Amino acid sequence: MIALLELRKVGVEYAARTGFRNQRLRVVDDVDLAIGRGEIVGLVGESGCGKSTLARTMVGLVRPATGQVLLDGEPLPDKRPAATRRRIQMVFQDPGSSLDPRHTVERILRVPLRLHHLADRGREAARILELLDLVGLPKRVLSSRSGALSGGQRQRVAIARAVATAPDLIVADEAVAALDASVTGAVLNVLADLRKELGLTVVFISHDLSVVRGLCDRVAVMYLGKVVEEASAESLFTAPAHPYTRALLNAVPRVDVPLAAPALLGDEPPSLLAPPSGCRFHPRCPAAYAPCSTTSPPIERQGGRSVQCHLGFDFGSVMQPDGVAGT
Ligand code: SF4
Ligand code: MG
C-alpha cells in the first residue's frame, strides 16, 4: 500500500556562520518515515532536534537538500501549488500569532473556503458552522475577534481553519505546548475525533511524551536530526528499544511509580554545529561502548519497528521497565 506521505532519506541543511566560517548545518539527517492514511503519528524529541524543520519539510515549506518527500507516491512539487497547500495543512504552537487577533472567527474560517473555491456563497455560512461544530465551538463565537478568545478556543479555530480545506494531512507542531493541562486534553480529543469522523491523517509533534501517548498510533523519536526509534505507541511506551527513548520515558513523571527512576539525560544535547562522531547520542548514553563513538549505528528493523543503535533491540530486552539492568 502506498503511504499518504513518505520521507525517503530526507536531509535538510541550513547555512550557518560561526566566527569567520560559513558552515552547512545538517538539521535533519537521512530520515525515513512513512505516514499511512488515517494514522496519527507522533514525532517527539527535545527542542532543537529537528522536529519543526522536519514538519516544515513534510508540508513543503522547506526543501530537502537530499532525499525525497512523496505525497501519494508522487514527489512534492517544488513550489507549493494551491492543490498541495489544500491537501497538507499545518497547525502551529501559538494560535495567537498564526491567527490575526483583529479578525472575527467567521472571517478566519471564510478565507480558506474562498481561497480554494471550496464552497459556493450560498453554502459558505453552513460550512463555517459545520467547521465550528467539528472542533466543538459554539455558534456564538463566530462574531468574536480571535484575540478575545481563550488559548484553547483559539487553537480550536486554528484547527477548524486547517480542516476547512478538507486536507488529507494535518501537521500539528507543538499544537498544545502553549495550553494549560486542563485544555490540552480537550484539544487532543478534537484531533482524535477528526480522525474518526473525517479519516484525517495527523502528524503530531511534541517535546512531551505524555501527551503523545493517548493520541498517537505510532511514534517516531528524533535525536539531533535523526529518527532513532520508530514503533507503535503501545510498544514504544511499554518496551522502548533505544536508550534515548528510555531516557525520555524516565523523564516523564509516572503516577504508578512513587519516585521516578533516575533520568539518563544529564546535559543539554550537543550542538548541531559539531554533532558527535559515531552515534550522535554516545556522549549521553549510559549503554555506550567501544564502537559507539566511532561508527554510526545502522537502522535495525523488526516487525514494524525500527531502532538506530548498535545494540539493536537488545538494549530494551536487558533493561527492566524501572531502568535497572535485569538479571
Ligand atoms: Fe548508546 Fe551506542 Fe546505542 Fe548510540 S549506538 S544509543 S551510544 S548504545
Ligand atoms: Mg519546534
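What counts, and at which threshold
- Residue positions are given per chain, counted from 1 along the sequence in the order it is written.
- Think of it this way: whatever chain is written first is A, whatever ligand is written first is 1, and the rest follow in order.
- Residue-level local features of this predicted model are given only where pLDDT is at least 70; pairs of side-chain atoms are given and counted only at 80 or more, and the full residue set underlies all totals for whole chains, interfaces and linings.
- Values shown for side chains rest on all heavy atoms present in the structure; no hydrogens or waters enter the calculation.
- Only strands that DSSP links by at least two bridges are regarded as paired with each other.
- For the purposes of this entry, the term helix denotes a DSSP run of H or I that reaches at least four residues, the term strand denotes a run of E that reaches at least two, and both are numbered from the N terminus.
- Neighbouring residues are identified by heavy atoms, a residue being near a molecule or strand if any of them is within 4 Å of it.
- Here the nonpolar group is Ala, Val, Leu, Ile, Met, Phe, Trp, Tyr, Cys and Pro; Asp, Glu, Lys and Arg are the charged ones; every other residue, Gly included, is treated as polar.
- Here, expected helix span is obtained from the residue count minus one, scaled by 1.5 Å.
- Only protein chains enter the calculation, and the probe is 1.4 Å; a residue is then buried if its accessible area is under 20% of its type maximum, exposed if over 50%, and partly exposed in between.
- An arc is given here, and it is the one of the directions from the helix axis to the C-beta atoms.
- We call two residues in contact when some of their heavy atoms are within 4.5 Å.
- Each nonpolar core is a collection of buried residues, namely Ala, Val, Leu, Ile, Met, Phe, Trp, Tyr and Cys, held together in the definition by side-chain atoms within 4.5 Å.
- We place a 1 Å grid over just the protein atoms. Points where a 1.4 Å probe fits but has no way out form a cavity, open points with protein on both sides within 12 Å along at least 5 of 7 lines form a pocket, and any residue with an atom within 4 Å of a point lines it.
- Grid points are joined across faces, edges and corners, and a volume is the space filled by probe spheres set on the points.
- Working definition: rings of Phe, Tyr and Trp (its six-membered ring) pair if their centres are within 6.5 Å, and the pair is stacked with planes under 30 degrees apart, edge-to-face with planes over 60 apart, and tilted otherwise.
- Under this definition, polar contacts are N or O atom pairs within 3.5 Å; protein pairs additionally need one hydrogen-donor-capable and one acceptor-capable atom, and for neighbouring residues in sequence, both atoms have to be side-chain atoms.
- Only the stretch in contact is used when a helix axis is fitted, and all axes are lines through C-alpha atoms; the angle between N-to-C directions ranges over 0 to 180 degrees.

**Quick look at the pairing of strand β2 (residues 21–35)**
Direction of pairing for strand β1 (residues 5–18) relative to β2: antiparallel, over a ladder of eleven bridges. Each residue of the ladder has a partner; that of Ala15, found in β2, is Arg24. Counting the residues that bridge the hairpin from β1 to β2 gives two residues, and of these Gly19 lies at a positive phi of roughly 60 degrees.

**Structural notes on the site of ligand 1**
Taken together, 13 residues form the shell around ligand 1, and within it Cys279, Cys285, Cys292, Cys309 and His310 come nearest. Taken together, the residues that form the shell around ligand 1 break down as ten nonpolar, three polar and no charged.

**Here's the deal with helix α7 (residues 181–198)**
In an α-helix, one turn spans 3.6 residues; hence positions three or four apart end up facing the same way. For α7, with 18 residues, the first-to-last C-alpha span of 26 Å sits near the 26 Å given by 1.5 Å per residue. For α7, the full list of buried residues reads Thr184, Val187, Leu188, Val190, Leu191 and Leu194. Viewed end-on, α7 has its buried residues packed into an arc of 145 degrees, placing them on one side of the element. Set apart from the buried face of α7 by more than 90 degrees, the exposed residues are Ser182, Lys196 and Glu197. Lining the buried residues of α7 we find β3 (40–44), α5 (121–134), α6 (151–163), β8 (201–206) and α8 (209–215). Trailing α7 by a residue or two, Gly199 shows a phi angle of about 70 degrees, which is positive.

**Some details on unusual backbone geometry**
The phi dihedral of Asp30 falls on the positive side, at around 50 degrees, and the residue is not glycine. One can find Asp30 in strand β2. In this structure, Asp72 takes a positive phi of about 50 degrees despite not being glycine. Summarising the element assignment, Asp72 is placed in the loop between β4 (66–71) and β5 (74–75).

**What to know about the environment of Ala166**
Secondary-structure assignment places Ala166 in the loop between α6 and β7 (169–173). Sequence-wise, Ala166 and Gln89 are 77 residues apart; in three dimensions their C-alpha atoms are separated by 9.2 Å.

**A few points about the nonpolar core**
Formed by 90 residues in total, the largest nonpolar core has its most connected members in Leu54, Ile159, Val171, Phe204 and Val219. Ignoring anything within four residues of it in the chain, the contact list for Val171 reads Ala55, Met58, Val59, Ile88, Gln89, Met90, Val91, Val203 and Ile205.

**Examining the layout of surface pockets**
The computed volume of the largest pocket comes to approximately 440 Å³. For the largest pocket, the lining is made up of 22 residues, of which Gln89, Met90, Pro112, Leu115 and Arg161 are closest to its centre. Mapped by element, the contributors of at least two residues to the lining of the largest pocket are β6 (88–91), α4 (105–115) and α6. Looking at which element gives the most residues to the lining of the largest pocket, the answer is α4, with five residues. When the residues that make up the lining of the largest pocket are grouped by side-chain class, the tally is twelve nonpolar, five polar and five charged.

**Points about the packing of aromatic side chains**
In total, this model carries three aromatic pairs according to the counting rule given. A centroid spacing of 5.2 Å and a plane angle of 65 degrees characterise the contact between Tyr244 and Phe281, whose relative ring orientation is edge-to-face. Pair noted here: Tyr244 is in helix α10 (residues 243–250) and Phe281 is in the loop between α10 and β11 (299–302), with a separation of 37 residues, a long-range link. Each member of the pair, Tyr244 as well as Phe281, is classed as buried. Cluster of aromatic residues (ring-pair linked, three or more members): Tyr223, Tyr244 and Phe281.

**Examining the side chain of Thr53**
In this fold, Thr53 is placed in helix α1 (residues 51–58). Here Tyr14 takes part through its side chain, which lies 3.2 Å from a polar atom of the side chain of Thr53. Among residues more than four places away in sequence, those in contact with Thr53 are Val12, Tyr14, Val27 and Val28.

**Section: the sheet that holds β2**
Strand order in this open sheet of four strands is β2-β1-β4-β5, and the pairing throughout is antiparallel. Across the chains shown, the open sheet's two edge strands, defined by having one partner strand only, are β2 and β5. Relative to β4, β1 runs antiparallel, the two being bridged by five bridges. Its bridge partner lying in β4, Arg8 is registered against Gln68. Along the sheet, α1 makes contact with β1, β2 and β4, crossing β1 at roughly 125 degrees.

**A word on α5**
Taking 1.5 Å of rise per residue, 14 residues should cover 20 Å, and α5 covers 20 Å from first to last C-alpha, within 8% of that figure. Those residues of α5 not exposed but buried are Glu124, Arg127, Ile128, Leu131, Leu132 and Leu134. Looking straight down α5, one finds that the buried residues subtend no more than 155 degrees of arc, so they occupy a single side. When the buried face of α5 is taken as reference, the exposed residues oriented beyond 90 degrees from it are Gly122, Ala125 and Asp133. Looking at the packing, one finds that the buried side of α5 touches α4, α6 and α7. Gly136 occupies a position one or two residues after α5 and carries a positive phi of about 70 degrees.

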